[in-house]
Structure formats: C-alpha cells, structure tokens
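# Topology and contacts: notes
Each chain is listed here by its residues.
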Amino acid sequence: MKTFFFKILSIVCPVCITSCSESDNSDLTNNKEPTPEESKTFTFKGNTTSNYKVNLISSDSIPINTDKLNAELDGKTVEINRVDEKTWAYLFSGLTISENDILLNFKINDDSYTISHKIQKIQLKSTPQQINDSYLTEINNAKKEISDPKLSSVITNHSNVFNHLWSNASQEEKQQFAEFYSVNKEIFDKLIDGNQSDNQNNVFTARATSISISDSNKQALVFGASIFTLGESIHLGAAAVRLGRPLIASAFVLSASVSFISAEAIWENFSNKKLELVKMSTNSITPKVFSVNNSTFQQNEGQTKSYPINITLQNISENSKSPILSRVWNNYKSLVTITSSINSVINFVNDFNPFSNIPVLSPPKLPPALSETRTINEEEYYLLAISKGSSKLEQIETFSGSGINLNFNKKENEDYNKIKKIQTSVGISLDTDFGSVNTNLPIEVLIKDCNEDFGGEAYTTEECDVCVGGNTGKTEEEECKENPFIGNWTAISFNGGYSIGELVKSGFISECNVYSQQWTINSASANITESNISVNGSQKTGASRSSSSEGVVDCESFNIEFRNDNFTINDSYTIKSDGIADLDTQIEFGEGESEPVLTSVTLKISGSKLVLNNGSVTLTFEK
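Okay, so let's go over this structure. (Residues numbered from 1 in each chain as written. Predicted model: local features only at pLDDT ≥ 70, side-chain atom pairs only at ≥ 80, totals over all residues. Heavy atoms only, no water.)

### Quick look at the overall build of the protein
In plain terms, the rule: Secondary structure follows DSSP: runs of H or I at least 4 residues long count as helices, runs of E at least 2 residues long count as strands, and numbering of each begins at the N terminus. Each residue gets one of three labels from its accessible area relative to the maximum for its type: buried under 20%, exposed over 50%, partly exposed in between, using a 1.4 Å probe on protein chains only. A contact between two residues is defined here by any heavy atoms of the two lying within 4.5 Å. Throughout, the Shrake-Rupley method with a 1.4 Å probe supplies accessible areas, and for residues the shown protein chains are the sole cover considered.
Summing up its helical and strand segments, the protein has nine helices and 35 strands in all. Taking all 623 residues of the protein together, 44% fall into the buried category. Long-range contacts, defined as pairs at least 24 residues apart, comprise 62% of the intrachain contacts of the protein with a sequence gap of at least 6. As presented, the protein carries roughly 33200 Å² of accessible surface, and 46% of it is formed by carbon and sulfur atoms.

### Quick word on the pairing of strand β24 (residues 504-509)
Counted only if it meets this: Any two strands are treated as partners once DSSP identifies two or more bridges connecting them.
Here five bridges tie β24 to strand β25 (residues 514-528), and the two strands are oriented antiparallel to one another. Each bridged residue has a counterpart across the sheet, and for Val504 the counterpart in β25 is Trp519. Joining the antiparallel neighbours β24 and β25 is a turn of four residues, in which Asn513 adopts a positive phi near 60°.

### Some thoughts on the packing of aromatic side chains
Threshold: Only rings of Phe, Tyr and Trp enter the pairing, Trp through its six-membered ring, and a pair is recorded when the two centres are within 6.5 Å. The plane angle decides the type: under 30 degrees is stacked, over 60 is edge-to-face, the rest tilted.
A complete count under the given rule lists 26 aromatic pairs for this structure. Both rings, one in Phe223 and one in Trp267, keep their centres 5.9 Å apart while their planes meet at 25°; by these two values the pair is stacked. Of the two residues, Phe223 sits in helix α5 (residues 215-243) while Trp267 sits in helix α6 (residues 246-271), which places them 44 residues apart along the sequence. Here the two residues Phe223 and Trp267 agree in accessibility, since each one is buried. For the pair Tyr381 and Tyr382, a centre-to-centre distance of 5.1 Å together with 80° between the ring planes defines the contact as edge-to-face. Residue classification places Tyr382 among the exposed positions, given a relative accessible area of 55%. Chaining the aromatic ring pairs together yields one cluster made of Tyr135, Phe162, Trp166, Phe177, Tyr181 and Phe188.

### Quick word on the state of the cysteines
Keep this limit in mind: Cysteine sulfur atoms are paired as a disulfide whenever they come within 2.5 Å of each other.
Under the definition given, this model contains two disulfides. Two residues, Cys450 and Cys467, share a disulfide whose sulfurs are 2.0 Å apart. Judged by the sign of its S-S torsion, about 80°, the cystine formed by Cys450 and Cys467 is right-handed. Residue Cys450 is found in the loop between β19 (435-446) and β20 (459-460), and its partner Cys467 is found in strand β21 (residues 467-468); the two are separated by 17 residues along the sequence. Shown here is the disulfide that connects Cys464 with Cys480, its sulfur atoms set 1.8 Å apart. Measuring the twist about the S-S bond at about -50°, one finds the Cys464-Cys480 disulfide to be left-handed. Taken together, the positions of Cys464 in the loop between β20 and β21 and Cys480 in the loop between α9 (476-479) and β22 (487-494) put the pair 16 residues apart, joining distant regions of the chain. You can call Cys480 buried: its relative accessible area is 9%.

### Topic: the sheet that holds strand β14 (residues 371-375)
Selection rule: Only C-alpha atoms enter the line fits that serve as axes; for helices the fit covers just the stretch in contact. Angles between N-to-C directions range over 0 to 180 degrees.
Taken together, the three strands give an open sheet; going across it, the order is β9-β13-β14, and neighbouring strands pair in antiparallel fashion. Sheet topology places β9 (276-281) and β14 at the edges, where each strand pairs with a single neighbour. Across the sheet, the mean angle from the axis of one strand to that of its neighbour is 25°, orientation sign disregarded. Direction of pairing for strand β13 (residues 310-314) relative to β14: antiparallel, over a ladder of five bridges. For Gln314, the partnering residue across the bridge sits in β14 and is Ser371.

### Thoughts on the pattern of salt bridges
As a reminder, the rule being used: Salt bridge, as used here: a side-chain nitrogen of Lys or Arg that lies within 4 Å of a carboxyl oxygen of Asp or Glu.
Applying the stated criterion across every chain yields a total of 20 salt bridges. A salt bridge links Lys185 to Asp189, with the nearest nitrogen and oxygen atoms 2.8 Å apart. With a gap of four residues between them, Lys185 and Asp189 both fall in helix α4 (residues 185-193), about one helical turn apart. One salt bridge in this structure joins Glu444 and Lys421, with 3.4 Å as the shortest N-O distance. Residue Glu444 is found in strand β19, and its partner Lys421 is found in strand β18 (residues 421-432); the two are separated by 23 residues along the sequence. The exposure class assigned to Glu444 is buried, which follows from its relative accessible area of 5%. One continuous salt-bridge network, built from bridges that share partners, spans Lys45, Asp101 and Lys118.

### Some details on unusual backbone geometry
Backbone geometry places Lys418, a non-glycine residue, at a positive phi of 70°. One non-glycine residue, Asp465, lies in the positive phi region at around 55°. Tracing the backbone through its elements, the reader meets Asp465 in the loop between β20 and β21.

### Observations regarding the pairing of strand β5 (residues 76-84)
Examined bridge by bridge, strand β4 (residues 68-73) and β5 share six bridges and lie antiparallel to one another. Of the residues in β5, the one forming a bridge with Lys68 is Asn81. Where β5 and strand β6 (residues 87-91) come together, three bridges link them in antiparallel fashion. Note on β6: the bridge partner recorded for Arg82 is Trp88.

### Describing the packing of helix α1 (residues 128-144) against helix α2 (residues 149-167)
Using the following cut-off: What sets the label is the angle itself: under 35 degrees gives roughly parallel, over 145 gives roughly antiparallel, 65 to 115 gives roughly perpendicular, and the rest give oblique.
Axis separation between α1 and α2 bottoms out at 10 Å; the angle between their running directions is 170°. As judged from the angle between their axes, α1 and α2 are roughly antiparallel. On α2, the residues touching Pro128, Gln129, Asn132, Tyr135, Leu136, Ile139 and Lys143 of α1 are Ser152, Ile155, Thr156, Ser159, Phe162, Asn163 and Trp166.

### Details of the sheet that holds strand β12 (residues 304-308)
Strand order in the open sheet formed by three strands is β12-β17-β16, with antiparallel pairing between adjacent strands. Of all the strands in the sheet, the pair left with one neighbour each is β12 and β16 (393-399). Going across the sheet, the axis of each strand differs from the next one's by a mean of 25°, ignoring polarity.

### What about helix α3 (residues 171-183)?
Note the following rule: The span expected for a helix works out to 1.5 Å for each residue beyond the first.
Over its 13 residues, α3 extends 18 Å from the first C-alpha to the last, a length consistent with the 18 Å expected when each residue adds 1.5 Å. All of the buried residues along α3 are Lys174, Gln176, Phe177, Ala178, Glu179, Phe180, Tyr181 and Val183.

### Remarks on α1
Note the threshold: This arc is taken over the directions from the axis of the helix to the C-beta atoms.
With 17 residues, α1 should cover 24 Å at 1.5 Å per step; its first-to-last C-alpha distance of 25 Å lies within 8% of that length. Within the sequence span of α1, burial applies to Pro128, Ile131, Asn132, Tyr135, Leu136, Ile139 and Ala142. Looking straight down α1, one finds that the buried residues subtend no more than 130° of arc, so they occupy a single side. For α1, the secondary structure elements touched by its buried residues are α2, α3, α4 and α6.

What follows is the structure in structure tokens.
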C-alpha cells in the first residue's frame, strides 16, 4: 500500500487526506504485453461535521471537473455541487449520531474516492428565539447600509415574510432553523456582511506593484468573495427545499438577497469602468521621416523631445484577457446562474406561504461596450518599463505631462567621427492588473559633426586632424596634402642668379673705372615648420669714399668701405589657395645704406627650390 498526502481547501473545513492504491506486483523479468493501468482507490479523512453543515472540497486534492457529482452514503444519494472553478460543496441531513465514521463514496472516471467524517451532535449555545433575534439584528444592520430605498424595501419585504413564517412555525421547525443557522453561521454572516475583501483564501490576489491596490481591484476582490459565498450558500437553500423547510428557505432567501444586492451593485459599478488596457500608441505624433515598414521619429543629439503616449482602455467583456478581469467575468456568469438558483428557493417559499409574494431576482445586466483613448498620467508613467535603445547613446527619460521626454547624448570614449545619425528604438510597456500593452518609438538621432551641424557630413581627418567636408568648404585632399615649405633650407643664390657671396655692383664711375656701391648675401638659412618660418642670414654692403672738387672725382682718393650685417625673420605664415605663402606680418628690410622699410614677404616653391621674396630681394634656397 502506498500513502499520499494531498492539500485540500481550508476555507471552511480542513481535511487530512490519505489515498491508497494496489501495489504494483508485476514481474519485471517477464516480458509481457503492457496492460491498462488499474483503477485506484483514494481515501480522505474529513473533518468532524454535523447535520446541515456545508462541507467543501478543493479540486487541488480531488480532480472533480463537473458541475454536479452524485455520491453515495448508506445507500442514499448526496449531491456534490460546484461552488467555483476549484471548489465543490455538500452537506448531510438526517444522520444518526454514532461513534462510527460515515463514509461518502463516489467515482471519478474509473477511480474510487471515499471521504470519512465523524458526525457530532449540534449543541446550541442559545435558545432558538435568541438565535432568531440575533439573526434579525444583523439583517437590520445590513439594511441600514443600503442607500437605495427600493432595495431597502426588498429586504423589508423579505424580512416580513420570514417573520410571518417564524410566528407560525412549530417549536420543532424553530429548533431546526436554529441548528441549521448555527452550524452555518459563518456563511450567513458573510452573506449579510457583503464586504468580504479580507477573505483572501477565497479570491484571487492582486499582482504586487509599486503602488497600493486600486479601488477597482478591491471591488474585484469583494465581488469575487461575494460570488464565492453565494455559490457556497446555494447548498443551504437547496437543502431547505429538499427537506421541505420554508422557514429555513426564507432565512436563506433573506440573507442571500442582501449579498446579491451588494454583488449586483458592485458588478454594475465595476462593469462600466474602463479598466482594461488594450492598446498603447504614439499616433498623435507626425513622424518627420518615414521608412518602408514603420514610421521613424527624428531628433537632435542633446535635444529633449516630448512624445505623448496614448493608451486605449475598455470596460470588461467576455473577451477580457487579464486574469483579474477574466475572473470577474466568470464570477458574473456564476452570478447569473446563482440568480436562477435563488429564484428556485423564492418560488418554493411563495408556493408554501399564500401570504408570501417575494419577487424573483433579475439576473445582472450585461454592460454596454465602452472605451476611451487618453494620454498616460504620472502614476502610469512610473509603472512603465522603458528599454534603452542604442548602446552608443546615453538615454535620459522623464515624464512630460502626457507621455515621455527623451534626450540622447554622446557617450564618453565613443568615436562618432563620420557618423551622421544613429537609429535607435525605445520600447515602452505598461503591465498592470488590468492588462499589458506596449509600443515602440523608432527614433533617428542626428549627431552633431565637427562643424557643429546636426546630421552634417563634416568629419575630422585621421591624417591631419582637420575638420573637412560637409559645410566646411574644405576637402581632405587639400587640407591634408604635404606642406612643401616644411624643412631646413640653405640659400644658394639671390636676385635671380647671383651666387651667395657674389657682389652686386652699381654706380659705375667711368673716370676711375670703379663702382661706387657693392653688396652681396654672405649666407642665409631657413627653418620652416607647419606654422612658422625662421630665417637667419648675413649680408655685406660697401660704399665709396672719395674727395672731389668742382665736380671732378679724385680717383686716387677713391676708396670702398665694406661692412657685414646680420638679418633675421621669425614669423607665422599662411598658405593661400595658389600655393604661395604670405608671412603674417611685415618686416624691416634694407639694402646698402638705405633706410630700412616695412615690406611684405612671400614664399613659394619652384621645382625643388624655395623662393623668398620681399619685393626687392629674392632668395633662393634648397634643402
């Protein structure tokens, strides 16, 4: 024998469960054809119960899957009926108190089930009249909570019928009512209370979120608890009809009507609320760029741009997908069925008592289809899950008042040279107890180029680290070609053909066959960098000294005196488009004994030679 332990629903009556099955004695060494699995027998030890008390079974323990199941007890049929999708109920009546367990037997498919119970005698703590008075006090307290005069009058009418039946009941009937009510007082209390949100064992619970449970979610919980209690209590009404006890039936109708009115009001309020999330979109924005498959929004790097987020909500329907709304809808359908069951008990009371005219209950109405589309609020924004689109961008999000502000910036240590734009996609989703929706923002982020243009084509060259292209007006070919001026240069000639050191003579005096002025460049060198030129040189100048009288030159006294002078140039330069470079400042330059003057100096490359020209002197260099 094998022993198993099952978990059974502990809403009203916890049950310790044991199951038994035949041992598998097949010979593992004998190759036989497989045989169908043998049926099993499961035995459950139930709680101690009594006549009239409702007992519950959970499908977590016993795999019941029908609305009604007939069980057998001492040759008599006991109905096991569904309360909700996981719970079934049954009760006993007319059982004799004994030391022996009673055995409730039934079958599911080919398996046999037995639930054993100890039956105890009902011990009343008060007289039937006191119990009745206490019951009516609770009914009157509940009636005070009903603000609708029409509904209040319904309870009053039901109370009058019950009071009439009580006044005409025998002592045996009153005793039976007191026993029936006492063993099921918990169910009667829940029917009359109408607010059972704390009954967490019976209802679904809300998903944990960063905010407290909403009023709508609380309504769903209370509605679910009300429907469970009504479903559970139906067994009380059915038993009263089966036993032919109109007083008990009237008490059930009175209590169930209080719960029904409360549940119906909750349903009417809840079903007209637009709670279910069905869609999220950003359709109010007109994209600037369109791609083949979807729309792409565009913004600049560093810009904060707002994108409204729209959500579409609708009220509950049979197609609602969220677990809570689906459960509420199933509860609504259960309430419709429960209405019919309560009406059967009402008809029994009316048929028994000619003075009774309890109106039957109308089933709750189907809600109209309602929907709305609006932008999200701040509370919803902070429930959003927002994905980071591109790994190459820093993404910052804030609430805009109607959606999301997005800002994208360059990351440190990332290379953005030659990148005009980055395609990113920001995923946005909202997951609540009433549905999950999502949307996607495909965004084209325009990157600022080295010329400060967003989405521009300018870039920094790797070769010479210069911003070219785009709107710069510069090309890499021009900006990065080798600077021909750079290097160390040595002067080899001057003024178009004179060798270094060769005297340039002027002022010929024929009488003496001499030149009165002579000069030359002794030496010169230039060092040119990317942005600067430095020239060092020496020149030699000579002037005649002679005496003359009345215009006659004394050739014997004629003499030329020479002196050497150093000259330097140290300045920045700018290369023009024609390849000629100008020094950025004018320099002093003199020849012979003439006064120095400010002159502009140009540089140019002629073949492999460097030519420096100040307008009066030309120096030719070679490397």
